[in-house]
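Coordinate analysis (summary)
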Amino acid sequence: MVKVSIGVPVYNVEEYLRQCLNSIMEQTFTDFEVIMVDDGSTDNSFMICQEYVARDNRFKLFHQENKGNGGSRNTCLKYMNGEFITWIDSDDVVDNNYLERLLEVQAETGADIVRCSKKHIRGNDIFLITNYDRMYKTKKKIIEVSKLDLLLDAFDGRLSVVEFWGTLIHRELYKGVILSQGVVCEDQGNKFKLYLKSKKNVLLLEQLYGYRIREGSTMHMMNNDLSDLEIYIYNWDKLMYYADITNYKVEEVRETYIKELDKLSAEVNLSEEDNKIYREVINKQKQKISR
């Protein structure tokens with residue numbers, strides 16, 4: 001068994017893919033495998049992945065018809081053999097000590113889940129984020145975060161930990177977990193399942209993960225319109241359901257859900273007719289979860 005399995009979902013990212021895979025090959029910690037799943041790419045992404053399979057036997061490649069990010073991650077999970085699992089999106093890059101530091105922190109803290117901080121990439125420029133100290137109100141590099149705070153991050157994103165990437169998670173937590181397929185923002189509607197099974201979670205406030213901001217990315221296309229509201233509700237309903245069946249902080253989750261719906265209602269700026277429909281949907285949803 002290898003120490004770490006790295007999952008890399010791939011779809012039409014030929015422009016950035018080599019940079020991503022090179023950053024993985026250059027890791028200072030070397031006991032890992034890379035599970036790449038080409039999700040029906042129509043550009044040269046599959047050919048580029050084949051190059052790395054030929055160069056390094058730690059890289060493994062699987063191809064499938066397009067199933068979206070959730071479907072790609074599910075396929076990765078079928079073939080992963082590592083003690084720990086981490087995800088690197090195929091247009092992003094990681095520092096060469098990414099794995100080494102995550103594993104060091106896990107060994108030091110005994111955490112089930114370790115999340116590092118991110119920096120932003122635009123084109124060829126890297127932008128460090130300077131407000132982590134203020135966000136977390138601490139000078140510490142490693143902080144423990146409660147399970148409830150991590151769950152509620154699926155609503156408001158205040159901790160910026162809802163995504164799968166940038167996180168080292170013990171493989172045992174993935175047992176029985178299947179990610180939603182064919183939906184947008186599958187991180188928001190799935191990662192909380194792992195938090196519910198965890199005992200200890202820590203954040204490493206070192207910017208080891210380079211998150212690329214580009215045209216065509218999922219988050220770039222979110223407009224807070226009616227279709228986006230449906231996505232939020234779909235994912236938040238799942239979180240509410242799982243909190244309910246596990247009997248974990250149900251009232252706290254419900255209260256935050258309602259507050260977030262109120263916030264969306266106050267911030268929406270659509271046509272008069274769409275505004276009316278938007279608020280009607282929110283009011284019906286509030287009534288539903290209040291029951």
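Residues numbered from 1 in each chain as written. Predicted model: local features only at pLDDT ≥ 70, side-chain atom pairs only at ≥ 80, totals over all residues. Heavy atoms only, no water.

By the naming in an unreviewed UniProt entry, the protein goes by Glycosyltransferase family 2 protein and is assigned to Ligilactobacillus salivarius.

Brief notes about the side chain of D89
Mapped onto the fold, D89 is located in the loop between strand 4 (84–87) and strand 5 (93–94). Not counting chain neighbours up to four residues away, the residues in contact with D89 comprise C20, R73, W165 and Y209. (Helix = DSSP H or I, 4+ residues; strand = E, 2+ residues; numbered from the N terminus. Contact = heavy atoms within 4.5 Å.)

Notes on the pattern of salt bridges
If you walk through the whole model with that rule in mind, you get 20 salt bridges. One salt bridge connects R101 with E206, and the closest N-O pair in it is separated by 2.8 Å. Pair noted here: R101 is in helix 4 (residues 98–109) and E206 is in strand 10 (residues 201–212), with a separation of 105 residues, a long-range link. Note that E255 and K259 form a salt bridge whose closest N and O atoms lie 3.3 Å from each other. Taken together, the residues span about one helical turn, with E255 and K259 both in helix 9 (residues 250–267) at a distance of four residues. Since its relative accessible area comes to 51%, K259 is described here as exposed. Three or more residues are tied together by salt bridges with common partners; here these are R73, D89, E186 and D187. (Salt bridge = Lys/Arg side-chain N within 4 Å of Asp/Glu carboxyl O. Buried < 20%, exposed > 50% of the residue type's maximum accessible area, 1.4 Å probe, protein only.)

Let's talk about the pairing of strand 3 (residues 59–63)
The pairing of strand 2 (residues 32–38) with strand 3 spans five bridges and is classified as parallel. Of the residues in strand 3, the one forming a bridge with M36 is L61. Following the chain from strand 2 across helix 2 (residues 45–55) to the adjacent parallel strand 3, one finds a crossover that is right-handed. (Pairing = 2+ DSSP bridges. Right-handed = clockwise from strand over helix to strand, strands pointing away.)

Digging into empty space enclosed by the protein
Sizing a probe to match a water molecule and rolling it over the atoms shows the empty space that remains. Tallied over the entire structure, the rule returns three cavities of 30 Å³ or more. Approximately 80 Å³ is the volume attributed to the largest cavity. In terms of lining, the largest cavity is formed by R115, C116, S117, K118, Y132, Y136, L159, S160, V161, L203, L204 and L205. Counting residues per element, the ones that place at least two in the lining of the largest cavity are strand 6 (113–122), helix 5 (132–136) and strand 10. If you tally residues by element for the lining of the largest cavity, the top one is strand 6, at four residues. Among the residues making up the lining of the largest cavity, the classes are represented as eight nonpolar, two polar and two charged. (1 Å grid on protein atoms, 1.4 Å probe; cavity = no way out; pocket = protein on both sides within 12 Å on 5 of 7 lines; lining within 4 Å. Points joined across faces, edges and corners; volume = space filled by probe spheres on them. Nonpolar A, V, L, I, M, F, W, Y, C, P; charged D, E, K, R; others polar.)

Things to note about the domain arrangement of the protein
Partitioning the protein into structural domains gives domain 1 (4–217) and domain 2 (222–290). Each of domain 1 and domain 2 has a C-alpha centre, and these two points are 27 Å apart. Contacts between the two partners involve 17 residues from domain 1 and, on the opposite side, 18 residues from domain 2. Our count for the domain 1 to domain 2 interface comes out at zero salt bridges. Across the domain 1-domain 2 interface, the total number found is six residue pairs in polar contact (both at pLDDT 80 or more). (Domains from an automatic or database assignment. Polar contact = N/O pair within 3.5 Å; in protein donor to acceptor, adjacent residues only side chain to side chain.)

Regarding the pairing of strand 1 (residues 4–10)
For strand 1, the buried fraction is high: seven of the seven residues fall into the buried class. The two faces of strand 1 match: V4, I6, V8 and V10 on one face and S5, G7 and P9 on the other face are all buried. The sheet contact formed by strand 1 and strand 2 spans seven bridges and is parallel. Paired with P9 across the strands is V37, a residue of strand 2. Taken together, strand 1, helix 1 (residues 14–25) and strand 2 constitute a β-α-β crossover, and its handedness is right-handed. Where strand 1 lies against strand 4, four bridges are found, and the strand directions are parallel. Within strand 4, the position partnered with S5 by the bridge is I85.

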